[in-house]
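# Close look at the chain arrangement
Chain residues, written in single-letter form:
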Amino acid sequence: MEGGCMWTRTLMEHFAIYFRRVLSNSFYPVLQGAIGVGSAFEGWSPREQDVVYQVLIPMTPPRGHSFHLELGTAWQRRLRNFHIRVQQECTCTSEQQGEHMLCFLHHPEEELRRHQDPSLLHTLGTGSYLDVEKTARWFYQLVRAIWPALLESHRWHLVLLPPRRSCQFKVTNGRESYRIEILFGVRQGNSDVFVSCQPRQAHASSTIWPESYAVAEMKFFRYIARQAPPDSLHLKCLQFFTHLQLGLGFSTYTIKTIVMHLLSILPASQWRRRHFVSRLMDISESLRVCVERRRLNHFIDFPLYTTKDCVRIKVVDSLSLGRETPQSLGNVWDC
């Protein structure tokens, strides 16, 4: 799996070179470097034979546009579902400085149609909002168009999967096969919390962008890996218990959230091989408590602050088996 993560990172670096070339001076979102997220990049997988390598590509607005995150109804606010409102900005000053761009706000529509590409609202928008499904189809078209130019295309075969809210594809070379999913989203401020294309419920509107903690969670697992002893089985516990719960109605993310809570409560020294059964019992008891209370708190509570090589995560109230977060850890993880 580690080899698959490295291969995926390299592939996305090669894609990024062409993304920059193809999209320079366009009015499509500006794509930042891909970030490996999800179970594979956290060091585990719920299904070892069917690993999905997920990457999240942060997007920023193109010239003449800005993004504004809006929470909708009270129900949407509770679910932390956002809309990304796309606003056109005046670029008359830039035009006067010789940047050869017509202002979308102050030039006649006929002149804009004749001399300039359509705005982001016309290509990937629905009404005033960025559309997840249109953006997914755009990524699909980008990957399909750029793939023949990559060195990997000479030795690997690309199979694109139908897009809906993300861009998924498989690459095979006869001996190896990787399944990759490109997620995309907009960063909230300077944090590692995004609004992303990943839906939390079925049949989500195409303009709904749920809040995502995938990057912060990946950094949390990376921090734990640095603190854990060589024989730590925290990932084995997570993987084993996830397998046990398959088909019982509990999502993989529920089990992962419980394990993250426990990792914040118990020191790394208590996840060694000799503690394996005890930790499985802790996970089982935590799950029982959640079912009885009909509640499981998110592990990460926004806001979350980052520095160059550090993430500070405010952890919500832990599940409790009668334990408190150790004094040495407090409520903040420093990576």
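An account of the accompanying structure is given in this report. Every value quoted in this text rests on a predicted model; they were computed, and no experiment measured them.

Conventions we followed
Residues numbered from 1 in each chain as written. Predicted model: local features only at pLDDT ≥ 70, side-chain atom pairs only at ≥ 80, totals over all residues. Heavy atoms only, no water. Helix = DSSP H or I, 4+ residues; strand = E, 2+ residues; numbered from the N terminus. Buried < 20%, exposed > 50% of the residue type's maximum accessible area, 1.4 Å probe, protein only. Contact = heavy atoms within 4.5 Å. Areas by Shrake-Rupley, 256 points an atom, 1.4 Å probe, with all protein chains shown as cover. Axes fitted to C-alpha atoms, helices over the stretch in contact; angles between N-to-C directions. Parallel < 35°, antiparallel > 145°, perpendicular 65-115°, else oblique. Left-handed = near helix turned anticlockwise from the far one by under 90°. Nonpolar A, V, L, I, M, F, W, Y, C, P; charged D, E, K, R; others polar.

### Concerning the overall build of the chain
Broken down by element type, the chain carries eleven helices and 15 strands. Looking at the 335 residues of the chain, the share that counts as buried comes to 48%. In the chain, the proportion of contacts linking residues at least 24 apart, taken out of those at least 6 apart, comes to 61%. Carbon together with sulfur atoms contributes 50% to the accessible area of the chain, which is approximately 17400 Å² in total.

### A look at the environment of Cys237
By secondary structure assignment, the location of Cys237 is in helix 9 (residues 234-245). By relative accessible area, which is 1% here, Cys237 ends up buried. Measuring from C-alpha to C-alpha, the distance between Cys237 and His275 comes to 10.0 Å, with 38 residues separating the pair along the chain. Excluding residues that lie within four positions of it along the chain, Cys237 makes contacts with Trp271, Phe276, Arg279, Leu280 and Ile283.

### Here we look at the packing of helix 9 against helix 11 (residues 276-293)
Between helix 9 and helix 11, whose axes approach to 10 Å, the crossing angle comes to 50°. In terms of orientation, helix 9 lies oblique with respect to helix 11. Of the two possible hands of crossing, helix 9 and helix 11 adopt the one that is right-handed. Of the residues in helix 11, those touching helix 9 at Lys236, Cys237, Phe240, Phe241 and Gln245 are Phe276, Arg279, Leu280, Ile283, Ser284 and Leu287. Partitioned by chemical class, the residues of the contact of helix 9 with helix 11 number seven nonpolar, two polar and two charged.

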